[in-house]
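For reference, the chains in residue letters:
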Amino acid sequence: SQTQRNMGASGSKTALQESLQALASADDLSALTAEQIRGFWMHSGSVFAQVTPTILAAISAKGISRYTFLVSNLCKVLQAACQDSPQVDALAVENVCLLLCKIFPEMYSTFGVEAVCDAFWTAQNTESTEATDKNLLGAVLCDALLESMFAPGICVSTKGSIWEPGTSSIPAHGSNGAYDRCRIAVAKATMVVCSATLFVPAQETGTRRNAFIEYFSTVDLNIAALVYHSLLNTVLSYDPAGWIPYSHNLYSDDHEALVDACLHLLLVLLDASPHGKIPYCPYKWLKSSRFVCVY
């Protein structure tokens, strides 16, 4: 198994808060230093303690473009992790995912679902000169999250393996505490990114489309198989009793939290039923989720 890197812990405990304050106060985003940008993920402090409602409100006051700038940089970290970069470790990936869990609800509640979809699924927020479906910021984020689930040394030991053995012949690593924490963070971030429906009025839930869920549910079948079997096997292989009765009273275990996150995400992906065509993703949509096809 690959040795776990620990670059993310090299930042100070308050680096994230300082970087977010700089993001909120800067008149020009190009004025942010490389050190301030690294502070978004290279820190050893608690994400939930540093990302306060006051800081989020200050960033929101500058417009949604502050968040798309932030997410674009976070995607680069996840992409680097998938390429086994020595500059990105498990803690950095966990920090990125937990930060996504904080900023997406803020965006949905402050700007509205339609504005967020416009920001992530239209061409003005891509760095590419050719705005195709795969380089829209929303697609880049979705792909980065999916690929991070199988980043070597982060969530699995070797490339191409899944989280737990069971319903597939695909090689599996199994769990340990370090991998479990990253898997929980990536699974939760994926669910939060897909949570737009929670911010839509009840009477509009049947007519509003969720661009992120639409994209996740139409991914390549090979990726869908890895995700599906990882989530399902993690749930099915869990033994709540464990080897020692009442072991939860003796030591903490992240595996139960991982099982809970896997079950929730699996239900979200299996329940998705893409059909028709939405303006944010120029795809010819399937009639059912890729994850249903794998099932």
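Residues numbered from 1 in each chain as written. Predicted model: local features only at pLDDT ≥ 70, side-chain atom pairs only at ≥ 80, totals over all residues. Heavy atoms only, no water.

**Some details on the pattern of salt bridges**
1) Next: If you walk through the whole model with that rule in mind, you get one salt bridge.
2) Next: In this structure, R183 and D180 form a salt bridge, with 3.9 Å as the shortest nitrogen-oxygen distance. Separated by three residues within a single helix, R183 and D180 lie in helix 9 (residues 177–193), roughly one turn from each other. With respect to burial, R183 and D180 carry one shared label: buried. (Salt bridge = Lys/Arg side-chain N within 4 Å of Asp/Glu carboxyl O. Helix = DSSP H or I, 4+ residues; strand = E, 2+ residues; numbered from the N terminus. Buried < 20%, exposed > 50% of the residue type's maximum accessible area, 1.4 Å probe, protein only.)

**Digging into the packing of aromatic side chains**
1) Next: Overall, the coordinates contain nine aromatic pairs when judged by the stated rule.
2) Next: Measuring from centroid to centroid gives 5.4 Å for F104 and F120, while their planes differ by 40°, and the two rings are tilted. Taken together, the positions of F104 in helix 6 (residues 90–111) and F120 in helix 7 (residues 113–121) put the pair 16 residues apart, joining distant regions of the chain.
3) Next: Given the relative accessible area of 0%, F120 is considered buried.
4) Next: Ring plane angle 40° and centroid distance 5.6 Å describe the contact between W121 and Y215, whose orientation is recorded as tilted. With W121 in helix 7 and Y215 in helix 10 (residues 211–216), this residue pair connects regions lying 94 residues apart in the sequence.
5) Next: By relative accessible area, Y215 is classed as buried at 2%.
6) Next: An aromatic cluster of at least three residues, connected via ring pairs, comprises F104, Y108, F120, W121, F199, F212 and Y215. (Phe/Tyr/Trp six-rings, centres within 6.5 Å; stacked < 30°, edge-to-face > 60°.)

Treat this as a map of the structure, not an account of what it does.
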